[in-house]
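Analysis of the macromolecular model
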Amino acid sequence: LITSFLLISGIVSAQESEVSLFDKKLNQFLNVRDFCISEKGNEAFFSIQSPDGKISQIAFIIKEKTEWSEPVLMPFCDENMYLEPFLTYDGKRLFFVSDRPNNSSIDGKKNFDIWYVERKNQKEKWSEPINLGSPVNTELDEFYPTLSQNGNLYFTLDAPNGMGKDDIYFSRWNGKNYAAPVLLNDKINSDGYEFNAFISKDESFLLYTKYNAEGGLGSGDLYISKKDSKGNWQQAENLGNTINTVSMEYCPFYDEKTQTLYFTSRRNKLSPKNFKNIREFQDYLNSENGLSKIYKVQVQF
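The following refers to the structure shown. (Residues numbered from 1 in each chain as written. Predicted model: local features only at pLDDT ≥ 70, side-chain atom pairs only at ≥ 80, totals over all residues. Heavy atoms only, no water.)

1. Let's talk about the sheet that holds strand β10 (residues 93-98)
The 4 strands lie next to each other as β9-β10-β11-β12, forming an open sheet whose pairing is antiparallel. Across the chains shown, the open sheet's two edge strands, defined by having one partner strand only, are β9 (82-87) and β12 (130-131). In this sheet, β10 lies alongside β9 in antiparallel orientation, the contact comprising 4 bridges. When the sheet's bridge partners are listed, L83 is paired in β10 with V97. (Pairing = 2+ DSSP bridges. Helix = DSSP H or I, 4+ residues; strand = E, 2+ residues; numbered from the N terminus.)

2. Things to note about the pairing of strand β14 (residues 153-157)
The buried count for β14 comes to 5 of 5 residues, which makes it a mostly enclosed element. What you see with β14 is no split at all: L153, F155 and L157 on one side and Y154 and T156 on the other are buried throughout. Looking at chain direction, strand β13 (residues 142-147) and β14 are connected through 4 bridges and run antiparallel. Within β14, the position partnered with L147 by the bridge is L153. Across 5 bridges, β14 lies against strand β15 (residues 167-171) in antiparallel orientation. Of the residues in β15, the one forming a bridge with L153 is S171. (Buried < 20%, exposed > 50% of the residue type's maximum accessible area, 1.4 Å probe, protein only.)

3. What to know about the pairing of strand β23 (residues 293-300)
Taken together, the 2 bridges between strand β3 (residues 20-21) and β23 define a ladder with antiparallel strand orientation. Of the residues in β23, the one forming a bridge with L21 is Y295. As judged from the 6 bridges shared by strand β22 (residues 260-265) and β23, these two strands associate in the antiparallel manner. The residue bridging T264 from the neighbouring strand is I294, located in β23.

4. With respect to the nonpolar core
Residues F46, M74 and L261 are the most contacted members of the largest nonpolar core, which totals 62 residues. Setting aside residues no more than four positions away along its own chain, L261 makes contact with L207, L239, I243, P252, F253, Y254, Y295, K296, V297 and V299. Y154, L184, L206 and Y223 belong to the second-largest nonpolar core, a separate cluster that totals 12 residues. (Core = buried A, V, L, I, M, F, W, Y, C linked by side-chain atoms within 4.5 Å. Contact = heavy atoms within 4.5 Å.)

5. Some words on unusual backbone geometry
Here the residue pair S134 and P135 is connected by a cis peptide bond, since its omega of 5 degrees sits within 30 degrees of zero. With respect to the helices, strands and loops of the structure, P135 is situated in the loop between β12 and β13. In this structure, N196 is a non-glycine residue whose phi angle is positive, near 55 degrees. Looking at the element boundaries, N196 is found in strand β17 (residues 193-199).

Written out as structure tokens, the structure is:
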């Protein structure tokens, strides 16, 4: 069999590859989003949420031979919100976002910060959550951490000094500390909404969502920006109507080894039909029903 790929060089072209649900086992959850998968492909982390998104927890699954295990909550989850996990390429540190109280906060107020847990290897237990601290975390809300292989951090910030409501920022890692975040330029950000960025291993391209952008397909669309030979970001381009729909597409994660793009979508494929029984009815309504689900597609960037 010849595998069909989407060949993306700025815009989508060539053959069309099938977009499909990551795994129907996750349809037991009403809202599932913010997916990442390990370099070995045997661990995956994601957020599960209430319909209104006000309750959010991080869960994980492990691949056993060819099948994924039943989902399990991460051990640090409590009554606070947890979302947007990102596993480093060595598998030893899991970044995420939470509004859990930060003991180092001067005023004690809750807001969304970037946190992480760490372990020595996959068989060891995770540490207690550690706040990433300043200069990345502030009294504002930080979201959706993603890291290149050298540790540089990209994230979303709702900042009054940004270009729009939500913007994407970059913070360089020197091996010990993160530098003060820098707002990415107008090739990526705008006076609208830009969020949920994924950075490639070598920082040669950035995937992210633009919301209600001019020329988009509607709601949130996934875009890509690539660097030129001088290391400058080029104008971001829409990934096209095979991936994007009139519904919201967001939370991209790209597995470079398998050339698989994972993303969240609220596309709705339900239509009236005849049901044999209640179980069939429930399974159908829990599938591609307009609530957040994880999708995958083979893509070459």
